[in-house]
Structure formats: structure tokens, C-alpha cells
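A look at the structure
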Amino acid sequence: MYANRASLIRMLMLLLIWKSSPLPLDACTTAVISGRATVDGRPLLWKNRDAPARHNEVALLTEGPLRAVAVVNAGSRRSAWMGMNEAGFCIENSLSTDLRQPGKKTGPANGLLIKRALLTCHTVADFKRLLEETNQSGRRTVANFGVIDAQGGAALFETGPTSFTMFDANDPAVAPHGYIVRSNFSTTARDFPANPTPEQLGKIYSAERYSQACSRLDLQKDKGITVDYLIRNLTRDLSDPKGTPWPGTVNGVKQKLPAVIKTDNTISRSTTVSAAVFQGVKPGEDPRLATMWTILGNPSFSIAVPCWVEVQEIADPLADDKGAELGEIAISLRAWSKSDDGKGINTEYLPDIWSDLWSVEDKILSLTSKFQAARVEHGYSPGAVTRFHQKMAQLAMTAMQQELREMKQAAITLPAPPPPAFAPVKKKL
């Protein structure tokens, strides 16, 4: 697989350095997509999570009125960062520090509010009421929250400590194409329109990721946006600062990859620790059919696995209080391809990684589509849903383990470097 292995030992050293180095501030890219913009009329929700907490896992949250499944920091259940509940309500967020207000704040912060919403909210309207209530008591939130529900609701809320603004993705006046994209800015704090153009954004932080996500969705809007498209073409987008996908990448022209891709402003970044795509249900459908497609680790080095709220337990590759094993393998694969300055990807191994992993992901997507259709027709028990979830997770895990073995084998077959030569020491005793 790895034909040119000369730089692999250097990559291993970089891995050790990178694991001990701090990561930048949280930064995410998200979209709320109304059912009127999707191929099947079901709303979609997407988030690429960029955060210092690189070790993530999937967890069941069972301590509230509503049962939920969420992506959390490994070993922590205090906060959630994206998830869905048994009512078919799904939520995620992106940090937006321009919503800060002066003075010390109290109340729930971003992750705490997401968890509270998962345990208590049935609909977008419920979440709006939660924000209205906490406007009075106060929050520590500075975020854009994206939400969808089982009644067709799809909205984004730019939310500060004591106020919020709602953007309804079902309203053509607010979302002409049926979707709302955000990165790490809020339009209300900057007096932008609901869907600012790149020219209006100028050079504000995260403008490139916002524009890239809008561009990728615009390309698909006439065909109808799908889960597959979001997983493959949004979570893994690698574009230059002008928004043009790099040659050889998932959205680029079919040419040879550049030797190094800088990821400061790409959607799939050096700081991306997980991603999720939520497929909701149409009004009248069973909310238990809502699916959280979870990618642990950087999406360019990992595989999406379907999760459902009614599973009896999370599949082992997705759950571990020190970091889910599937995600930990993705962390290692990403670190081995990290550029010398830590801000990019050496692309030498990417074509083979993508060829190996994406074919397995295609199989998982196909099998899951058939499974969901059978659930609608026949109905399946929680035990059957759990077994299928575990089977899909194991398919992904087997592929990831094979990728890791091949990378390790490439390392051990390299000849050992010559011992260092030292000048003779002349010293009288």
C-alpha cells in the first residue's frame, strides 16, 4: 500500500511531538438543512467539530425525561457536543465568540445547554422556549445552535448569554435554498444578513470555511442534498483559501494531489476531532428512525457509523472513557500524515487511505439504507437495532485496524538509520 516509505519514521516522531502539544481554540463548521432542500424531504443537520479535546466517544444519556445519544469528550457525560433524542430532536453547535457580553456570566455553557436540550426538548419550538427561559436566568453560551425535529422543524439560533436570534431554514425569506450555514461568527453580532456573501464577510475568522460549505451545498441543491453527500463531500472538504478544492481531493479535479495541503482554513482541519450528520424524519414517521452518522477522529482519516437512540448499548469501537478505539486509530493515521509545522497534511498516503476506507463506508451506507427500509416495513426490536449498529461499527473498525496495521508494517520494514558518528574525545585521566 505505502509505496514511498522514506518519510515514515519522521512521521512517527512527529506523532509523539504532536500528541504532547496543545491544540487551538474550538472552531466548528455546521449546516441546518430543511426537508425542502433534501432529496427525500427529511431534514438534515451537520457538524464538523474542531476542539482541543481530541479524544471523543459516543454515549447514551439516560438520566433525563428523554433518552438520547451524543458525541461527548471521552470519559465525560457532563456536556454533549452534538446528539439526538428519542423524540427525533437533533442538536449541534459552533462556537461564536462575537456573541460575548461584558461581565461575569452564570448558567449553562454551550455543551451543558446541548445536553439539557437533548434530555428535555421534543421540538424546535421546545428549544426556543428553553432559550427564552434561560434568557431570564442567564447562560454562558456563545454559540450558533442548529436543531431539527421530527415535525419537520429546522432552525439555527445565534445565542448569547441573555438573548438569541432564530433563523428558520423552512422560511424561503430567511433560507432561499433551504439551508443555513455557520462557522465561527454570528450575523447578528456583526450586522450581516442571514446568509452573508464572501465579500460581506471579508477577512473575519472562519469566513473561508463558511464559504466553502455554502459552495459545496450550492453545487448539490438542484439535485437534492443527501446524507451521503454531506458525509463524503462536506465533512472531508479540502479547499485552498480561495475556496477551490485541491486537485485529487473529494471535491477537486481528478489530478495528482499536491505534496502538502495546508488545513488552516479547510473544513476538514488539523483540529477536527469528530463529525456528525443527522438524518431526521418526515412528519408522521417514527422518530426512532432518526439516525446520527458519527465520524470519530478527523473525517479524512475515519469512517462514518450509524447510531440510533434505541440501541441497548453503544458499539465497543465507538465507546471508551479514554477515547473510542475507532477514533484513536484515526488520530494516529492523521498524526502520521501531519506536516512538519503541524498545520497541514502530507498527502503521500491519502489516496490509498481513501480508497481503502471509503469503499467500506459505501458498503455501510448501502446496508444501512436497506436496513432502514426494512425497519419501516417490518419494525425491529431494540435488540435487532443494536446488533445491526454493532455490525456496522465492526465493519468500520476492521477496516481501520487494517489501515493501522499497514502503516505500522511500513514503519517496521524500514531499515534502521545508521548510528550517529561522534568525534573522538581526547581526555587525560
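Anything mentioned here points back to the structure above.
Residues numbered from 1 in each chain as written. Predicted model: local features only at pLDDT ≥ 70, side-chain atom pairs only at ≥ 80, totals over all residues. Heavy atoms only, no water.

**Section: the sheet that holds strand β5 (residues 82-85)**
As a general point, the strands of a sheet are linked pairwise by backbone hydrogen bonds and lie either parallel or antiparallel. Heads up, the rule is: Strand pairing is defined by DSSP finding a minimum of two bridges between the two strands. For the purposes of this entry, the term helix denotes a DSSP run of H or I that reaches at least four residues, the term strand denotes a run of E that reaches at least two, and both are numbered from the N terminus. Each axis is a line fitted through C-alpha atoms, and for a helix only the stretch in contact is used; angles between axes span 0 to 180 degrees, taken between their N-to-C directions. By the convention used here, residues are in contact when the closest approach between their heavy atoms is within 4.5 Å.
Reading across from one edge, β3-β4-β5-β6-β7-β8-β9 is the order of the seven strands in this open sheet, with antiparallel pairing throughout. Across the chains shown, the open sheet's two edge strands, defined by having one partner strand only, are β3 (56-61) and β9 (164-168). Going from strand to strand, the sheet's axes swing by 20° on average, the running direction of each strand aside. Across six bridges, the pairing between β3 and strand β4 (residues 68-73) is antiparallel. Residue L60 lies in a different strand from β4, and its bridge partner there is V69. The strands touched by helix α2 (residues 110-120) within the sheet are β3, β4, β5, β6 (90-95) and β7 (143-148), with β6 carrying the most contacts at an inclination of about 170°. Here helix α3 (residues 124-137) sits on the sheet and contacts β6, β7, β8 (154-159) and β9; the angle it forms with β8, its principal contact strand, is near 15°.

**Notes on the nonpolar core**
One recurring pattern in soluble globular proteins: nonpolar side chains tend to sit buried together. Applied cut-off: Buried residues of nine kinds, namely Ala, Val, Leu, Ile, Met, Phe, Trp, Tyr and Cys, make up a nonpolar core once their side-chain atoms join them within 4.5 Å. Only protein chains enter the accessibility calculation, which uses a 1.4 Å probe; a residue whose area is less than 20% of its type maximum is buried, one above 50% is exposed, and one in between is partly exposed.
One finds I33, L217, L230, F278, M292 and L318 to be the most contacted residues of the largest nonpolar core, which totals 93 residues. Ignoring anything within four residues of it in the chain, the contact list for L230 reads I33, L44, W46, L217, I225, T235 and V277. Formed by 24 residues, the second largest nonpolar core is a distinct cluster that contains A117, L131, V147 and F157.

**Quick notes on the packing of aromatic side chains**
Operational definition: Working definition: a ring pair exists when centres of Phe, Tyr or Trp rings (six-membered ring for Trp) sit within 6.5 Å. Plane angles under 30 degrees give stacked, over 60 give edge-to-face, the rest tilted.
Scanning the model with the defined rule gives eleven aromatic pairs in all. Ring geometry for F127 against F145: centres 5.8 Å apart, planes inclined by 65°, an arrangement best described as edge-to-face. Linking F127 in helix α3 with F145 in strand β7, this pair joins segments that are 18 residues apart in sequence. Judged by its relative accessible area of 0%, F127 falls in the buried class.

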